[in-house]
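# Observations on chain architecture
One-letter residues, chain by chain:
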Amino acid sequence: MSRFWSPVVHTLTPYVPGEQPKLQKIVKLNTNENPYGPSPKVIAALHDVAGDALRLYPDPNADQLKDAIAAYHDVKRENVFVGNGSDEVLAHVFCGLLKHDKPLLFPDISYSFYPVYCGLYQIDYRTVKLNNAFEIDLADYEQDAGAIIFPNPNAPTGHLLPLAAIEKLLVRQPDVVIVIDEAYIDFGGESAIKLVDRYPNLLVVQTLSKSRSLAGLRIGFAIGQPQLIEGLERVKNSFNSYPLDRFAIAGAAASFGDDEYFRAMCTKVIASRERLVTAMAQLGFEVIPSAANFIFAHHPEHDAGQLAAALREHGVIVRHFKAARIDQHLRISIGTDAECDALLAALHAVLR
Ligand SMILES: *Cc1c(COP(=O)(O)O)cnc(C)c1O
């Protein structure tokens, strides 16, 4: 606390990211990173950037990357916004698109950064409860609202909504901006990007941190109609002209150029997920069906906080949220098959 702080700073409750342990040799299943490295083509592109050109500022519009994303998703450059991780994209979305007289709606159990942005930008919000199956029911969002945001698949549950349900909400709420945070869509979902040209109130946000193995490079993007993108560009250019450096622009563009590698890695993660879900069920866990690169699991006979602590002693880190309704669940990222086996071995030892 300091009297030199701006008043709003006293009110902030910052987001707490999952731990990044300094220790090697730990099985890290707590922040939904990809267990596989990025495409060799990405690494080659990064090597090409390392040189004299680094004395120059990067392209403030990151057109090379916007064009790669536009080509990949079959939209135009004017439909694409890019930022320093989707967290930054989301920050600009909250600031530029989600603050209205009526409250913003999002699920009570969801990405815990959303209320943090609301605090930072002083946005009035109302949470909407997941149903008893821990699913988002979009009928609950057909109410008076200033804007709506939710992840699909939802985090931390992994539950996926079908595109038809999303389209129905877009039709029922034509005057409300609806933002879909598709951080995990590549692990088994269908993206709403294909609806963008029909719905001016739709914005889809994605990240290269999970399915494209580039959490360390910090790239996220949004796709929507040009009016929405223009609003985001205004906010971005009032904050930082160069959020993406030369490495991020070139590396991210190269990732979209290696679809074969991308699909192969997603397929591996999905296969490991299905294998892990089966094995966890055999250990007595109840696992919510997941379309993400993590699972959300609960054991009826064991306290989740104690399980997380015990796993840690066995060298396995998972995420436990000390929040209402979910404090008896563990969120476990999908690792390699060897990492999943290490988790299962640790669980066998702990549950015995
Ligand atoms: C990981 C995650 C993000 C942030 O991703 P970055 O691009 O790494 O900032 C955004 N939304 C959800 C739901 C996430 O899980």
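Residues numbered from 1 in each chain as written. Predicted model: local features only at pLDDT ≥ 70, side-chain atom pairs only at ≥ 80, totals over all residues. Heavy atoms only, no water.

### Looking at the pattern of salt bridges
This structure, assessed with the given rule, holds 14 salt bridges. For the salt bridge of Asp337 with Arg275, the shortest nitrogen-to-oxygen distance reads 3.2 Å. One end of the pair, Asp337, is in helix α11 (residues 337-351); the other, Arg275, is in helix α9 (residues 259-282), with 62 residues separating them in the sequence. Look at the salt bridges and you will find they share partners, linking Asp63, Asp67 and Arg77 into a network. (Salt bridge = Lys/Arg side-chain N within 4 Å of Asp/Glu carboxyl O. Helix = DSSP H or I, 4+ residues; strand = E, 2+ residues; numbered from the N terminus.)

### Overview of the domain arrangement of the protein chain
Examined at the domain level, the protein chain breaks down into domain 1 (7-37 + 259-351) and domain 2 (51-255). A separation of 24 Å is found between the C-alpha centroids of domain 1 and domain 2. Counting residues at the interface gives 32 residues for domain 1, matched by 31 residues for domain 2. For the domain 1 face of the interface with domain 2, the top three residues by lost area are Tyr15, Phe262 and Arg325, together amounting to 29%. In this structure, the connection of domain 1 to domain 2 is made through 1 salt bridge. (Domains from an automatic or database assignment. Contact = heavy atoms within 4.5 Å. Buried area = accessible area lost by both parts, 1.4 Å probe.)

### Notes on the packing of aromatic side chains
Here the structure, examined in full by the defined rule, presents 14 aromatic pairs. Pairing Tyr15 with Tyr111 gives two aromatic rings, centres 5.7 Å apart and planes at 65°, and the pair type is edge-to-face. Taken together, the positions of Tyr15 in the loop between α1 (7-11) and β1 (27-29) and Tyr111 in the loop between β3 (104-107) and α5 (114-121) put the pair 96 residues apart, joining distant regions of the chain. Ring plane angle 50° and centroid distance 6.3 Å describe the contact between Tyr141 and Phe150, whose orientation is recorded as tilted. Overall, the relative accessible area of 1% leaves Tyr141 in the buried class. (Phe/Tyr/Trp six-rings, centres within 6.5 Å; stacked < 30°, edge-to-face > 60°. Buried < 20%, exposed > 50% of the residue type's maximum accessible area, 1.4 Å probe, protein only.)

### Comments concerning the site of the ligand
Contacts to the ligand come from Gly85, Ser86, Asp87, Leu90, Tyr111, Asp181, Ala183, Tyr184, Thr207, Ser209, Lys210 and Arg218. Within the backbone of Ser86, a nitrogen or oxygen atom sits 2.6 Å from an oxygen atom of the ligand. Take Asp87: an N or O atom from its main chain is 2.9 Å from an oxygen atom of the ligand. Protein chains shield 92% of the accessible area of the ligand, which is 380 Å² for the free molecule. Taking a 2 Å distance to the grid points as the criterion, the majority of the atoms of the ligand fall inside the largest pocket. The element contributing the most residues to the shell around the ligand is helix α4 (residues 85-97), with 4 residues. (Near = heavy atom within 4 Å. Polar contact = N/O pair within 3.5 Å; in protein donor to acceptor, adjacent residues only side chain to side chain. Areas by Shrake-Rupley, 256 points an atom, 1.4 Å probe, with all protein chains shown as cover. 1 Å grid on protein atoms, 1.4 Å probe; cavity = no way out; pocket = protein on both sides within 12 Å on 5 of 7 lines; lining within 4 Å. Sits in = over half its atoms within 2 Å of the grid points.)

### Some details on the state of the cysteines
Per the counting criterion, the structure on display carries 0 disulfides. With no disulfide of its own, Cys95 has Cys118 as its nearest cysteine by sulfur position, at a separation of 12 Å. (Disulfide = S-S within 2.5 Å.)

### Let's talk about empty space enclosed by the protein
A full pass over the atoms with the stated rule returns 2 cavities of 30 Å³ or more. Of the pockets and cavities examined, the largest cavity occupies roughly 80 Å³. In terms of lining, the largest cavity is formed by 14 residues, of which the most central are Pro60, Ala62, Val82, Lys236 and Pro243. Breaking the lining of the largest cavity down by element, the ones donating at least two residues are β2 (80-83) and α7 (226-236). (Points joined across faces, edges and corners; volume = space filled by probe spheres on them.)

### Focus on the environment of Lys66
Its place among the elements puts Lys66 in helix α3 (residues 63-73). Separated by 13 residues in the primary sequence, Lys66 and Asn79 place their C-alpha atoms 8.8 Å from one another. Those residues within four positions of Lys66 in sequence are excluded, and the remaining contacts are Asn61, Arg77, Val80, Val82 and Glu233.

### Looking at the layout of surface pockets
The calculated volume of the largest pocket comes to roughly 1,200 Å³. Considering the residues around the largest pocket, the lining is formed by 48 residues, among which Tyr15, Tyr111, Ser112, Arg319 and Phe321 are closest to the centre. The set of elements that each furnish at least two residues to the lining of the largest pocket consists of α4, β3, α5 and β4 (125-128). The dominant element in the lining of the largest pocket, judged by the number of residues it contributes, is α5, at 4 residues.

### Considering the pairing of strand β7 (residues 202-207)
The side chains of a regular strand alternate, residue by residue, between the two faces of the sheet. Burial runs high along β7: 6 of the 6 residues are buried. Burial along β7 is two-sided: the face carrying Leu202, Val204 and Gln206 and the face carrying Leu203, Val205 and Thr207 are both buried. Inspection of the sheet shows strand β6 (residues 177-181) paired to β7 by 4 bridges, in the parallel sense. Bridge pairing links Ile178 to Leu202 in β7. Taken together, the 5 bridges between β7 and strand β8 (residues 220-224) define a ladder with antiparallel strand orientation. By the bridge assignment for β8, Gln206 is matched with Phe221. (Pairing = 2+ DSSP bridges.)

### Some thoughts on unusual backbone geometry
The step from Asn152 to Pro153 runs through a cis peptide bond, and the omega angle for that step is -5°. If you trace the backbone, Pro153 turns up in the loop between β5 (147-151) and α6 (163-172).

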